[in-house]
Amino acid sequence: RAPHPPRSRVMSGQMSREERRRAQELEEARKAGLAPAERDEDGKEINPHIPQFMAAAPWYLEQKKGLKHQKAWNDVDKKEGEGASGSWYKRGVKTFQATKFRKGACENCGAMTHKRKDCVERPRAVSAKKSNADIAPDEFVQEDVRLGVEQKRD
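In what follows, the accompanying structure is described. (Residues numbered from 1 in each chain as written. Predicted model: local features only at pLDDT ≥ 70, side-chain atom pairs only at ≥ 80, totals over all residues. Heavy atoms only, no water.)

1. Some words on unusual backbone geometry
For residues other than glycine, phi is negative in most cases, and the peptide bonds are mostly trans. Despite not being glycine, N132 shows a phi value in the positive range, around 60 degrees. The residue N132 is located in the loop between α5 (128-131) and α6 (149-152) in this model. Classification of N132 as partly exposed rests on a relative accessible area of 37%. Positive phi, normally seen in glycine, also occurs at D134, with a value near 55 degrees. If you trace the backbone, D134 turns up in the loop between α5 and α6. Here D134 falls in the exposed class, since its relative accessible area comes to 64%. (Helix = DSSP H or I, 4+ residues; strand = E, 2+ residues; numbered from the N terminus. Buried < 20%, exposed > 50% of the residue type's maximum accessible area, 1.4 Å probe, protein only.)

2. Topic: the packing of aromatic side chains
Taken as a whole and assessed by the stated rule, the structure comprises 1 aromatic pair. Measuring from centroid to centroid gives 5.6 Å for W59 and Y60, while their planes differ by 85 degrees, and the two rings are edge-to-face. A relative accessible area of 74% places W59 in the exposed class. We classify Y60 as exposed; its relative accessible area is 54%. (Phe/Tyr/Trp six-rings, centres within 6.5 Å; stacked < 30°, edge-to-face > 60°.)

3. Remarks on the side chain of R124
Positionally, R124 belongs in the loop between α4 (75-78) and α5. Assessed through its relative accessible area of 19%, R124 is described here as buried. Engagement of the side chain of R124 in a polar contact is seen with the backbone oxygen of D134, the distance being 2.9 Å. Residues within four places of R124 in sequence aside, it is in contact with N108, C109, A133 and D134. (Polar contact = N/O pair within 3.5 Å; in protein donor to acceptor, adjacent residues only side chain to side chain. Contact = heavy atoms within 4.5 Å.)

4. So, the side chain of R30
Mapping R30 onto the fold places it in helix α2 (residues 17-32). Once residues within four sequence positions are removed from consideration, R30 is found in contact with A35, P36, A37, E38 and P48.

5. A look at the layout of surface pockets
Roughly 320 Å³ of volume is contained in the second largest pocket. Lining the second largest pocket are A23, Q24, E27, E28, K31, E38, R39, Q52, A56, K64 and K65. The residue inventory of the lining of the second largest pocket, partitioned by class, reads 2 nonpolar, 2 polar and 7 charged. (1 Å grid on protein atoms, 1.4 Å probe; cavity = no way out; pocket = protein on both sides within 12 Å on 5 of 7 lines; lining within 4 Å. Points joined across faces, edges and corners; volume = space filled by probe spheres on them. Nonpolar A, V, L, I, M, F, W, Y, C, P; charged D, E, K, R; others polar.)

6. Quick look at the nonpolar core
Side chains that are nonpolar tend, in soluble globular proteins, to be buried together. In this structure, C106, C109, A111, C119 and A136 together form the largest nonpolar core, which totals 5 residues. The contact partners of A136, leaving out residues within four places of it in the chain, are Q97, C109, G110, A111 and E121. (Core = buried A, V, L, I, M, F, W, Y, C linked by side-chain atoms within 4.5 Å.)

Here is the structure:
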């Protein structure tokens, strides 16, 4: 029977005790600012305080260490009216901010987009209807976004 060809330790993920100790010392020196920060594929510095599980790309992406896998893959999908999904969720949208309580609004917070039983704010001691103070802005109601199979599970 022929012996198996020797595999390098780096390929198999095995490191000797001395190599592991040197890697740990280098990581500590980078965190202390004594050694230069590691760079990703694009030449950007990788913050040494980012945990390894966030900086390491998943095995199926075949990327080196960095945060490139965390960013949006297609900028086209993010633009409204373009791309496979058509549009994306709008976050942080400014809506109408009322100054006093309006009829038909939530009695708890004062927003027009829901009623008291659907309010996600904790119940106030003095409701917005009675106090007329700190009226919450109306929420932005997102229209139905059509997502593909991959986007739903992302």
